[in-house]
Amino acid sequence: MPVRRPTARLAVSRAIVVALVASAGLAACSDDTEPAAVGPTITAPEGVRHLVPEVVSTAPHDTDAFTQGLEIDGGEVVESTGLYGRSDIRRVDPSTGEVLASTPLDDELFAEGLTQVGDRWLQLTWQEQVVLVWDDELREIDRLDLPGEGWGLCLDGDRLVHSDGSATLHLRDPDDLTELDAVTVTLDGRPMSQLNELECVDGTVWANVWHTTTILGIDPDTGEVTDVVDASSLAEQVEVGDAAQDVLNGIAHDPATGRFWLTGKRWPTMFEVELVPAPTVP
């Protein structure tokens, strides 16, 4: 088994979330699993929709899958999984969690977000500044250069939306990744960084906020947050091996149903959900 390269991002994640878990008084379970970290809450200010996921169904999820990107394609889930020496792209049966096909990445590549452009799949890498291009059979057909870090990726009409962990969304040409524009994501005037996995749906960019169980709905033209989704109820339902790293990350919209599939890194469950208004607090 190859030696994993230590990374500052994972080290910081461990320190932050372990502190959160400790402050919440969560203890590790006897079977070496622990509840997933819920993380800090992002409040929806007046004028921004406050949503929660309403679970419709669940399916098993591979607990070895360090989920970085999630998509629906013809009834199957296409997933990008990360970590050095363990990254791959795979097709999954969403009803059973069975891995139908997978292709591993080179050991020196750390896979990140994923999206479909026509008959191609574009898969980010974290710090390697390369985007892998795959066909529907998960065969690599090209590589493209991408400056900076790669975190999340989705297709909004005729442009790609790319996150790099900052509060900036980069709008790019889907053919050559040329930057067309960039917007700063703000909530009530405050920049929102740590934007991770992305999903573009009908003019809204849905973004996981790393180290939280919050998903933001963002207007990609202005950068303004229009929706705040509190998905802490999902994290409370799963147990993981490492709460510092195994966080919510994975948003796939199913155009056939209008619902979303949500999961996390090495979570044992995928959740099919509808996003509904949060209950009003009396």
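Residues numbered from 1 in each chain as written. Predicted model: local features only at pLDDT ≥ 70, side-chain atom pairs only at ≥ 80, totals over all residues. Heavy atoms only, no water.

## Remarks on the nonpolar core
As a rule of thumb, nonpolar side chains are buried together in soluble globular proteins. Going by this rule: As used here, the term nonpolar core means buried Ala, Val, Leu, Ile, Met, Phe, Trp, Tyr and Cys residues forming a set that is joined through side-chain atoms within 4.5 Å. Buried residues are those whose accessible area, probed at 1.4 Å on protein chains only, stays under 20% of the maximum for their type, while exposed residues exceed 50% and partly exposed ones sit between those limits. Helix and strand labels come from DSSP, where a helix needs a run of H or I of at least four residues and a strand needs a run of E of at least two; each type is numbered from the N terminus. It only takes one pair of heavy atoms within 4.5 Å for two residues to be counted as in contact.
By size, the foremost hydrophobic cluster in this structure holds 21 residues, and its most contacted members are Val161, Leu169, Leu195, Val205, Leu216, Ile218 and Val225. Those elements that provide at least two residues to this core are strand E13 (168-172), strand E17 (195-201), strand E18 (204-209), strand E19 (214-218) and strand E20 (225-230). Excluding its chain neighbours within four sequence positions, the residues that come into contact with Val205 are Cys154, Val161, Leu169, Leu198, Glu199, Cys200, Leu216, Gly217, Ile218 and Pro220. The next biggest cluster of nonpolar side chains, apart from the first, holds 19 residues, and it includes Ala36, Leu51, Trp206 and Leu248.

## Some points on the state of the cysteines
This is how it is decided: Disulfide assignment relies on a single distance test, namely cysteine sulfur atoms paired within 2.5 Å.
Under the definition given, this model contains one disulfide. Here Cys154 engages in a disulfide with Cys200; their sulfurs sit 2.0 Å apart. The chirality of the disulfide connecting Cys154 with Cys200 is right-handed, given an S-S dihedral of about 50 degrees. Within this pair, whereas Cys154 is found in strand E11 (residues 152-156), its partner Cys200 is found in strand E17, the two being separated by 46 residues in sequence. Comparing Cys154 with Cys200 shows no difference in burial state: the two are buried.

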